[in-house]
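Single-letter residue listing:
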Amino acid sequence: MNELRAVVKDMMVEKRDIYLSVLFGFLAGITAVALFASSGYLISKAALLPPIYTLSLMIAFLKIMGFARAFGRYLERLYSHRATFTMLSQLRVNFYEKLEPLAPKIFHKYRSGDLLSRIVSDIDRLQNFFLRVYYPPIVLGLIFFATILFTVFYSITVALLLLFGLFLTGVILPAWFAFKQRRIEVRLREERGALSSEVTEFLYGFMDLKLYQQLDAKEKELEEASVRYIDEQEKEGKMASYHQSLNSMVTLLVSWLVIAFGAYLVANNQLDGVFLAMLIMISLTVFENAVPMALVPAHFEDSRRAAKRLHEVVQDEEEQVEVTSSLPVDQAFSIDLKGVSFSFPGEERDSLKDVTLHIPAGSKTAIVGASGSGKSTLFQLLLKFYNPASGSILFNETPQHEVSQEDIWARTNVVQQENHYFYGTIRDNLQIADEHAGDDRLYEVLTHVDLSHFDLDQSVLEKGENLSGGEKQRLAIARALLKDESLWLLDEPTSSLDAVTEQHIYEHVFQRAKHDTLILISHRLMGLEKMDQIIVLDQGEVVESGSYQELMRHEGYFYRMKQIEKEVLV
Ligand SMILES: Nc1ncnc2c1ncn2[C@@H]1O[C@H](COP(=O)(O)OP(=O)(O)OP(=O)(O)O)[C@@H](O)[C@H]1O
């Protein structure tokens with residue numbers, strides 16, 4: 001329920017449209033009641049041969065009501081839909097603003113298909129909250145209140161019957177179905193999430209499934225997930241139809257009771273017979289407004305779950321710490337790690353254990369170690385994707401938690417092991433690092449990464465599918481060169497390149513980063529002689545650190561790795 005309160009808060013941004021939708025919804029409903037009531041009265045009155053001006057007046061009233069009803073309905077739709085779209089856009093912006101700082105922790109927690117379904121369909125589902133849950137009961141209450149008040153003047157019994165019908169259709173039945181709906185909705189959502197995840201995995205893993213001849217098995221799983229989802233949808237549909245039928249039954253029953261009691265009252269001279277048809281028409285029309293109540297439970301449950309699921313994704317947001325410092329601009333800064341330990345969410349094993357390092361401003365550091373020793377994890381902590389479980393990270397003596405992620409990312413040239421390439425052109429893919437860079441500058445960086453043969457208008461397919469591994473890496477380095485900030489974090493940036501190209505690119509990168517702080521993760525141990533410091537990680541711990549010469553003299557872990565590398569290469 002708390003989550004829905006947040007939705008109501010977002011909805012209230014456009015109060016005017018909400019009030020107008022309620023007003024015109026009421027107008028449309030009450031004029032419909034008036035239209036049918038006056039037509040019932042007109043028929044009865046006409047039988048008594050009243051003067052012609054009475055009939056003309058009544059027909060004019062009838063026409064005005066008919067027009068007012070259409071006008072009210074149109075404006076109600078207009079304002080209620082406008083309020084809904086404003087609410088949706090407000091929700092999307094708010095949700096995205098909360099979500100962005102939480103990446104990539106989020107990707108760790110959810111399968112991407114599930115996350116996608118939450119972000120897209122759960123927000124879309126909330127459009128029903130205002131349209132089908134929030135304001136129909138308000139409008140219904142107002143219409144019944146006005147109608148019952150009017151009916152009391154003619155017959156208290158009929159007024160009580162209407163009240164009874166309202167209680168059944170507006171409270172008892174929706175509450176009962178809401179209770180039943182809850183269980184169906186849980187299963188429906190689970191099945192929808194599962195299907196969405198299966199589809200995403202199927203699409204992403206299509207090639208591998210094909211290569212390992214597992215396509216049929218996966219297709220079968222997908223089909224089963226789809227059947228389960230359709231079954232649950234069917235159950236939900238049946239439940240809604242059942243509720244609708246029961247609603248109609250109750251309303252018709254109330255109308256029958258109005259006829260029976262009305263006739264009895266007329267026979268006993270307690271009600272003027274000319275009003276009987278009017279009261280019957282009132283009871284038939286007023287319950288038309290109760291029809292949407294049949295949809296309230298399903299939509300309420302749907303909205304509640306959607307709001308809850310969205311809230312679950314961003315609830316970590318409250319953990320955010322206030323940002324009070326910023327990193328120096330155009331100036332290299334030092335990095336210190338003091339007793340940093342970290343394990344990924346849900347993992348018991350520490351990926352980093354009590355890591356203490358000092359990386360002076362403007363120095364060049366290499367981080368080496370076996371696969372899985374925690375090198376990339378260290379980068380993720382430096383980039384504040386995650387916070388250390390214990391210990392602290394300092395930039396120029398400033399605790400990292402005082403600096404915003406945005407600031408850290410803005411000051412860093414990052415080349416990851418896997419980088420993303422967007423569908424578009426080479427130019428588009430480079431300009432994400434510097435949107436103002438002109439063609440001359442772009443060609444210049446392409447030359448520095450040995451891609452001078454590339455045309456800036458050359459197309460890049462989704463995820464860079466038409467580029468080789470080495471070309472992708474070189475493009476990523478070109479982006480880092482374009483960004484030109486004073487901290488470089490390079491995670492095996494040249495692992496797919498041949499030795500000559502690698503050397504050529506490194507020469508340029510080191511020349512550009514002459515006064516900057518540079519940290520390079522490398523599997524290869526060749527060419528590390530020029531680094532100021534080499535840090536050796538093993539199973540998340542720093543086992544050695546020092547200059548190349550120091551480590552070779554020490555004949556420890558690094559020395560042994562170097563010997564193995566030599567043997568392999570020979
Ligand atoms: N997102 C993650 N969730 C859970 N565990 C992870 C995650 N990423 C890495 N790990 C684990 O953390 C440990 C360190 O991983 P990391 O990627 O930092 O190693 P690495 O030294 O960079 O390896 P490589 O040289 O193969 O890239 C590994 O044991 C790995 O299984």
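Residues numbered from 1 in each chain as written. Predicted model: local features only at pLDDT ≥ 70, side-chain atom pairs only at ≥ 80, totals over all residues. Heavy atoms only, no water.

1. A few points about the overall build of the protein chain
Next up, step 1: The number of helices and strands found in the protein chain is 19 helices and twelve strands.
Next up, step 2: Classification of the 570 residues of the protein chain by burial places 48% in the buried group.
Next up, step 3: Intrachain contacts of the protein chain at a sequence separation of at least 6 include 76% that bridge at least 24 residues.
Next up, step 4: Here the protein chain has roughly 29000 Å² of accessible surface; of this, 58% comes from carbon and sulfur atoms. (Helix = DSSP H or I, 4+ residues; strand = E, 2+ residues; numbered from the N terminus. Buried < 20%, exposed > 50% of the residue type's maximum accessible area, 1.4 Å probe, protein only. Contact = heavy atoms within 4.5 Å. Areas by Shrake-Rupley, 256 points an atom, 1.4 Å probe, with all protein chains shown as cover.)

2. Quick notes on the packing of helix α9 (residues 215–267) against helix α10 (residues 276–286)
Next up, step 1: Between α9 and α10, the shortest axis-to-axis distance is 9 Å and the interhelical angle comes to 165°. Taken together, the axis directions place α9 and α10 in an arrangement best described as roughly antiparallel. The interaxial crossing formed by α9 with α10 has right-handed handedness. Between α9 and α10, the contacting residues are Leu252, Ser255, Val258, Ile259, Gly262, Ala263 and Val266 on the first element and Leu276, Leu279, Ile280, Ser283 and Leu284 on the second. (Axes fitted to C-alpha atoms, helices over the stretch in contact; angles between N-to-C directions. Parallel < 35°, antiparallel > 145°, perpendicular 65-115°, else oblique. Left-handed = near helix turned anticlockwise from the far one by under 90°.)

3. Some remarks on the site of the ligand
Next up, step 1: Around the ligand, a shell composed of 16 residues is seen, among which Arg349, Ser371, Ser376, Thr377 and Gln417 lie nearest.
Next up, step 2: Out of a free accessible area of 620 Å², the ligand has 72% covered by protein chains.
Next up, step 3: Broken down by element, the shell around the ligand gets its largest block of residues, three residues, from helix α12 (residues 375–382).
Next up, step 4: Of the residues in the shell around the ligand, the class split is two nonpolar, ten polar and four charged. (Near = heavy atom within 4 Å. Nonpolar A, V, L, I, M, F, W, Y, C, P; charged D, E, K, R; others polar.)

4. Re the packing of helix α6 (residues 127–152) against helix α7 (residues 156–204)
Next up, step 1: Close contact between α6 and α7 brings their axes to 8 Å; oriented N to C, the two are set at 165°. The pairing of α6 with α7 is recorded here as roughly antiparallel in orientation. For the crossing formed where α6 meets α7, the hand is left-handed. Residues Leu140, Phe144, Thr147, Ile148, Thr151 and Val152 of α6 lie in contact with α7, whose contacting residues are Ile156, Val158, Ala159, Leu162, Leu163, Leu166 and Gly170.
Next up, step 2: Residue classes in the contact of α6 with α7 are distributed as ten nonpolar, three polar and no charged.

5. Observations concerning the sheet that holds strand β4 (residues 390–395)
Next up, step 1: Here we have four strands laid out as an open sheet, ordered β2-β1-β4-β5, and antiparallel in their pairing. With one partner strand each, in any of the chains shown, β2 (352–359) and β5 (398–399) form the two edges of the open sheet.
Next up, step 2: In the sheet, strand β1 (residues 335–342) pairs with β2 via five bridges, with the strands oriented antiparallel. Across the sheet, the residue bridging to Phe342 is Leu352, located in β2.
Next up, step 3: Lying over the sheet, α12 contacts β1, β2 and β4, oriented at roughly 115° with respect to β1. (Pairing = 2+ DSSP bridges.)

6. Overview of the nonpolar core
Next up, step 1: One finds Val7, Met87 and Leu126 to be the most contacted residues of the largest nonpolar core, which totals 62 residues.
Next up, step 2: Looking at which element gives the most residues to this core, the answer is α6, with ten residues.
Next up, step 3: Judged by nonpolar contacts, the second largest core, of 43 residues, contains Leu456, Leu475, Ile477 and Leu551. (Core = buried A, V, L, I, M, F, W, Y, C linked by side-chain atoms within 4.5 Å.)

7. Things to note about the pairing of strand β10 (residues 517–521)
Next up, step 1: For β10, the buried fraction is high: five of the five residues fall into the buried class.
Next up, step 2: Residues of β10 alternate between two faces, with Thr517, Ile519 and Ile521 on one and Leu518 and Leu520 on the opposite face, all of them buried.
Next up, step 3: One ladder, built from four bridges, connects strand β3 (residues 364–369) with β10; its direction is parallel. Paired with Thr365 across the bridge in β10 is Ile519.
Next up, step 4: Read from strand β9 (residues 487–491) through helix α17 (residues 499–512) to β10, the crossover connection turns out right-handed. (Right-handed = clockwise from strand over helix to strand, strands pointing away.)

8. Structural notes on helix α16 (residues 469–483)
Next up, step 1: Its 15 residues give α16 an end-to-end C-alpha distance of 22 Å, which sits within 8% of 21 Å, the value for a rise of 1.5 Å per residue.
Next up, step 2: With twelve of its 15 residues buried, α16 lies for the most part within the structure.
Next up, step 3: What α16 keeps buried is the set Gly470, Glu471, Gln473, Arg474, Leu475, Ala476, Ile477, Ala478, Arg479, Ala480, Leu481 and Leu482.
Next up, step 4: Considering only its buried residues, α16 is in contact with β6 (412–415), α14 (426–431), α15 (439–448), β9 and α17.
Next up, step 5: Positive backbone phi, at 55°, marks Asp484, one or two positions downstream of α16. (Expected span 1.5 Å × (residues − 1).)

9. Side note on a nonpolar patch on the surface
Next up, step 1: On the surface, a nonpolar cluster with roughly 370 Å² of combined accessible area is contributed by Val152, Ile156, Leu160 and Leu163.
Next up, step 2: Counting residues per element, the nonpolar patch draws most heavily on α7, at three residues.
Next up, step 3: Looking at the element boundaries, Leu160 is found in helix α7. (Patch = residues over 30% accessible without salt bridge, like charges linked within 9 Å, V, L, I, M, F, W, Y side chains within 5 Å. Salt bridge = Lys/Arg side-chain N within 4 Å of Asp/Glu carboxyl O.)

10. Some words on the sheet that holds β3
Next up, step 1: The strand order across the open sheet built from six strands is β6-β9-β10-β3-β11-β12, with neighbouring strands paired in mixed fashion. The open sheet has two free edges, formed respectively by β6 and β12 (541–546), since each of these has just one partner strand. The sheet shows a mean angle of 15° between the axes of neighbouring strands, direction not considered.

11. Quick look at the pattern of salt bridges
Next up, step 1: Taken as a whole, this structure holds 18 salt bridges when the rule is applied.
Next up, step 2: Taking the shortest distance from any N to any O, the salt bridge between Arg512 and Asp484 comes out at 3.3 Å. Note that Arg512 is positioned in helix α17 and Asp484 in the loop between α16 and β9, a separation of 28 residues in sequence.
Next up, step 3: Using a relative accessible area of 37% as the deciding quantity, one classes Asp484 as partly exposed.
Next up, step 4: Shared partners join several salt bridges into a network, and the residues in it are Glu198, Glu201, Lys218 and Glu221.

12. Some thoughts on the side chain of Glu198
Next up, step 1: Note that Glu198 resides in helix α7.
Next up, step 2: The residues contacting Glu198, other than those within four sequence positions of it, are Lys218, Glu221, Leu222 and Ala225.

13. Brief notes about the packing of aromatic side chains
The relative placement of two aromatic rings is captured by the distance of their centres and the angle of their planes.
Next up, step 1: Following the criterion strictly, the structure yields 19 aromatic pairs and no others.
Next up, step 2: Relative to Tyr242, the ring of Phe177 has its centre 5.7 Å away and its plane inclined at 80°; by these criteria the two rings are edge-to-face. Here Phe177 is found in helix α7, whereas its partner Tyr242 is found in helix α9, with 65 residues between them in sequence.
Next up, step 3: Residue classification places Phe177 among the buried positions, given a relative accessible area of 1%.
Next up, step 4: Looking at Tyr242, the relative accessible area reads 43%, which means it is partly exposed.
Next up, step 5: Ring centres of Phe344 and Tyr386 lie 5.3 Å apart, and the angle between their planes is 85°; this geometry places the pair in the edge-to-face category. Remark: Tyr386 occurs in the loop between α12 and β4 and Phe344 occurs in the loop between β1 and β2; sequence separation between them is 42 residues.
Next up, step 6: When its relative accessible area of 6% is taken as the criterion, Tyr386 is described as buried. (Phe/Tyr/Trp six-rings, centres within 6.5 Å; stacked < 30°, edge-to-face > 60°.)

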